[in-house]
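What follows is each chain in one-letter form.
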Amino acid sequence: MSTAPDSQYAVIGKSHSRVDGPLKVSGLAVYTSDVDLPGLLHAVPVCSTIASGRLVSLDFAEAEAMPGVHAILHRGNIGRFYRISGNSMESGFVDEARPPFEDDEIRYYGQYIALVVADTFETASAAAAAINAGYDTAAHDVSAHLASDEEPKVQSERGDAASAFEQAAVTLDETYVTPVETHNPIELHATVAHWDGEGYTFYETSQAISNHQGTLMQMLGLPKEKVRVISRYLGSGFGSKLWMWPHSLLAAAATRITGRPVKLVVSRKMMFQNVGHRPLTQQRMRLAAQADGKLTSIRHDYLNHRAMLDEYEENCGEATPLLYSTPNLRVSSATVRRNVGSPTAMRGPGAVPGLFALESAMDELACKLNLDPVALRIENEPGVDESTGLPFSSRHLVECLRTGADRFGWNQRTPGIGSMKRDGLTLGWGVAACSWPGVRFSAEATVDLRADGTARVVCGTQDIGTGTYTILAQLVAEETGLPLDRIEVALGDTRLPPGPISGGSAATASVIPAVLGATRAAVGVVLARAAAVDRSSFAGAKAETLALSAGRVHRKGEAPESGVPYGQILEAAKMHAASGNASAQGGFDDPLKKHHSIHSYGAHFAEVTWQPEIAQLRVSRVVTVIDAGRILNLRAARNQIEGAIVMGVGMALFEHTTYDERYGAPINSNLADYVIASNADTPALDVSFLGYPDPVFNELGARGIAEIGLAGIAAAITNAVHHAAGVRVRRLPVMIEDLLGAGADA
Ligand code: MOS
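Residues numbered from 1 in each chain as written. Predicted model: local features only at pLDDT ≥ 70, side-chain atom pairs only at ≥ 80, totals over all residues. Heavy atoms only, no water.

Asker: Which residues make up the pattern of salt bridges, and what are the values?
Answerer: Applying the stated criterion across every chain yields a total of 37 salt bridges. Glu 187 is the partner of Lys 241 in a salt bridge, and the nearest nitrogen-oxygen pair spans 3.0 Å. Placement of Lys 241 in the loop between strand 11 (227-230) and helix 6 (246-258) and of Glu 187 in the loop between strand 8 (170-178) and strand 9 (190-195) is noted, with a sequence separation of 54 residues between them. Here the two residues Lys 241 and Glu 187 agree in accessibility, since each one is buried. Connected through salt bridges with shared partners, the residues Glu 174, Asp 363, Glu 364, Arg 728 and Arg 730 form a single ionic network. (Salt bridge = Lys/Arg side-chain N within 4 Å of Asp/Glu carboxyl O. Helix = DSSP H or I, 4+ residues; strand = E, 2+ residues; numbered from the N terminus. Buried < 20%, exposed > 50% of the residue type's maximum accessible area, 1.4 Å probe, protein only.)

Asker: So what's going on with the nonpolar core? Residues and values would help.
Answerer: In terms of nonpolar packing, the biggest core is built from 94 residues, with Phe 605, Phe 689 and Ile 717 touching the most fellow members. If near-sequence neighbours (up to four positions away) are discounted, Phe 605 is found in contact with Val 374, Cys 400, Leu 401, Gly 404, Ala 405, Phe 408, Trp 410, Gly 430, Val 431, Arg 621, Val 622 and Val 623. Ranked by size, the runner-up nonpolar core spans 51 residues in total, among them Ala 477, Ile 512, Ala 518 and Ala 582. (Core = buried A, V, L, I, M, F, W, Y, C linked by side-chain atoms within 4.5 Å. Contact = heavy atoms within 4.5 Å.)

Asker: Let's hear about the packing of aromatic side chains: which residues, and what values?
Answerer: Taken as a whole, this structure holds 15 aromatic pairs when the rule is applied. Look at Phe 441 and Phe 588: their rings are 5.3 Å apart centre to centre, the planes differ by 80°, and that puts the pair in the edge-to-face class. One end of the pair, Phe 441, is in the loop between strand 17 (425-437) and strand 18 (443-450); the other, Phe 588, is in the loop between strand 24 (577-584) and strand 25 (599-611), and 147 residues separate them in sequence. Following the ring pairs from residue to residue traces out a cluster consisting of Phe 93, Trp 243, Phe 441 and Phe 588. Here Arg 395 stacks its cationic end above the ring of Phe 392, 4.7 Å away from the centre of that ring. (Phe/Tyr/Trp six-rings, centres within 6.5 Å; stacked < 30°, edge-to-face > 60°. Lys NZ or Arg CZ within 6 Å of the ring centre and 35° of its normal.)

Asker: Could you give an account of the packing of helix 9 (residues 351-369) against helix 16 (residues 713-725), naming the residues involved and the relevant values?
Answerer: Running from amino to carboxyl end, helix 9 crosses helix 16 at an angle of 30°, the nearest separation of the two axes being 8 Å. The angle between helix 9 and helix 16 places the two elements in the roughly parallel class. The interaxial crossing formed by helix 9 with helix 16 has right-handed handedness. Of the residues in helix 16, those touching helix 9 at Leu 355, Phe 356, Glu 359, Ser 360, Asp 363 and Cys 367 are Ala 714, Ala 715, Thr 718, Asn 719 and His 722. Partitioning the contact of helix 9 with helix 16 into residue classes produces five nonpolar, four polar and two charged. (Axes fitted to C-alpha atoms, helices over the stretch in contact; angles between N-to-C directions. Parallel < 35°, antiparallel > 145°, perpendicular 65-115°, else oblique. Left-handed = near helix turned anticlockwise from the far one by under 90°. Nonpolar A, V, L, I, M, F, W, Y, C, P; charged D, E, K, R; others polar.)

Asker: If you had to explain the sheet that holds strand 20 (residues 487-490) to someone new, which residues and values would you point to?
Answerer: The mixed open sheet is built from four strands, whose spatial order is 20-19-18-24. Among the strands making up the open sheet, the edge pair consists of strand 20 and strand 24. Neighbour-to-neighbour, the strand axes of this sheet turn through a mean angle of 15°, independent of strand direction. Seen against the sheet, helix 13 (residues 507-532) touches strand 18, strand 19 (455-458) and strand 24 and runs at an angle of roughly 150° to strand 24. (Pairing = 2+ DSSP bridges.)

Asker: Can you explain the pairing of strand 20? Please cite residues and give values.
Answerer: The sheet contact formed by strand 19 and strand 20 spans four bridges and is parallel. Each bridged residue has a counterpart across the sheet, and for Val 458 the counterpart in strand 20 is Ala 490. At this point the chain moves from strand 19, through helix 12 (residues 468-480), to the parallel strand 20, and the crossover so formed is right-handed. (Right-handed = clockwise from strand over helix to strand, strands pointing away.)

Asker: Which residues make up unusual backbone geometry, and what values do they have?
Answerer: With glycine set apart, most residues show a phi of negative sign, and most peptide bonds adopt trans. Residue Pro 733 follows Leu 732 across a cis peptide bond; omega there is -5°. Inspection of the secondary structure assignment puts Pro 733 in the loop between helix 16 and helix 17 (736-739). A positive phi angle is found at Phe 101, which is not glycine, with a value near 65°. Mapped onto the secondary structure, Phe 101 falls in the loop between strand 3 (69-73) and strand 4 (105-106). Phi at Lys 574 takes a positive value of approximately 60°, unusual for a residue other than glycine. Secondary-structure assignment places Lys 574 in the loop between helix 14 (566-572) and strand 24.

Asker: How would you sum up the packing of helix 12 against helix 13? Please name residues and give values.
Answerer: One can describe the packing of helix 12 onto helix 13 by two numbers: an axis separation of 9 Å at closest approach and a directional angle of 40°. Classed by the angle they form, the pair helix 12 and helix 13 counts as oblique. In terms of crossing hand, the pair formed by helix 12 and helix 13 is right-handed. Taking contact as the criterion, the partners of Ile 471, Leu 472, Leu 475, Val 476, Glu 479 and Thr 480 in helix 12 are, on helix 13, Thr 508, Val 511, Ile 512, Val 515, Leu 516, Thr 519, Arg 520 and Val 523. Counted by class, the contact of helix 12 with helix 13 contains nine nonpolar, three polar and two charged residues.

Such coordinate-based values are descriptive only and should not be taken to indicate function.
Here it is in structure tokens:
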């Protein structure tokens, strides 16, 4: 359901099925682990079974003697890898800076210590299991209680948060904990690496092929043209596939040493150890308000765990300085080292745990103030981004809250705990706001308008599964009037002009100017040819007096039917295609952000049903309203938010990676013990978009959608749990133990 205020576009903003959908449902789409090459070998890593210490011996005599084993790689024979200069847009990003096998130190359970390369996956697995490692074990720390002796970094500050807190009428001081969560895209990480004697081709599960190429070439010590990265289709990634992980380098070494193409598929268990996770966060929130609900102070001091070597910070306080108005604010952060693999971005990094804390605290404050939690948020709506003084490019949070409240029926809510009943169940209703920054990265695209009446658009980005293929086709269709099925889209190959990462919810906003610009450039070539070529019906006309629409060249001001299909112009010009190219800039230091605070906003309303007699809690209904600028494809957009809400049900009720204190291992490292929300857990969903175009971000006014849907939703659910059962859960996920005995007589 969209309430898009205008529809000046024919293709943009409508619901379109995925152009790659038929390939996916028919099984023709080739994912990385489907890639087969002549002579392909299979690699299986050996993982450490301690979390801290030193590898002192590796006995692989038995494994090496197994028929079908081609190589066993370890520190002694893998050869040299290099490090990148740092993590930045210029140097590229890696989560784990230390190349595999660089030293004998073990810093987390599951760290790669050897690699078997064999004819078959089964042989490689059996040989890997037959390798015996000897360790010098040191004490490890995977404790879930965080305390830091680092000086906290002040992320944002205004006024005097501490004294305003001291003087306030109503205060709240609570700590919120979000657990380690593991990305569980259904498609496992995988690399198929092929060294052909000249260079490498990598088939990769990558949300950022350009970054993958850039970091691989540095770590392999090769020029760019020797490293090609291909990622045609992805079975999602949730951030775990943003940057390059060590298994790509292991596959590179394996193909170089054996001279054969090598496939390495990371197992589900390794997904919990070796390719990132959302870190544990512990966030102390101090809110202060006047009796009427006006906030006077916000303090948000948070910690996250990180690996022994790498520097990952979970940016939990990103939204805190700008979501609500308050004269006094202080946000600070610090990190704590643990013997775990490096954390990384997971869908909505920062905002997702951060807004769990802030939006839980706002609900608790509303209870203390005896105020409606929607009203409390509206009361504290800022006029500008108070962290910078900059105007918002476009902000409709209050309308999200009001529209959502209407659609949900919030005015029927009675505030008393356990006071609402339906069909013998206790109902709980909770609300939370959400936000996510508008981000765009640099992008280049090429569009060919071909003489056969089709078009081709290419960009070296990739489709993580969100609909990027379709968005590119829509942009070209909008600009040319061609139907979507005559537009071919090629992505996912570093031989194409470089495109943005599929991360930060930034891909759509990043490709818009490049693809529209390239299409216009190609149209310009057609019109110039139309005017110049003798056999064209427009010979002698000025190109500026011509237009291309509905796939036809015609005189401006006249109907497209009066003109001719553009293919005829190209035929007359004896051309195969008219080609246009364009690029657009972006990045974390986007100059637009000097003048505007650019964010998306939204509101979630959640209903839970609670049956105290049998301690059964379910999320029954969610209404979400999102303000993410203009929506380019309503179906794809709704799909993103619906998926995020389901993931949010998992965040609230199920997901947590548990480390075994004895061995330091993530012990629920499989899809049976790591519980994610599934169909049966999915509530009735009502997702809508306000659709106001952002006037500064790009020509179409689109920001980005994927991540914001997961921000805030867990708090909306736990706030509903409090309303139903009277239990305030500040440590996710909600466990049945938290609720047992609660509200049985409410
Ligand atoms: Mo998203 S966590 O930037 O893939």
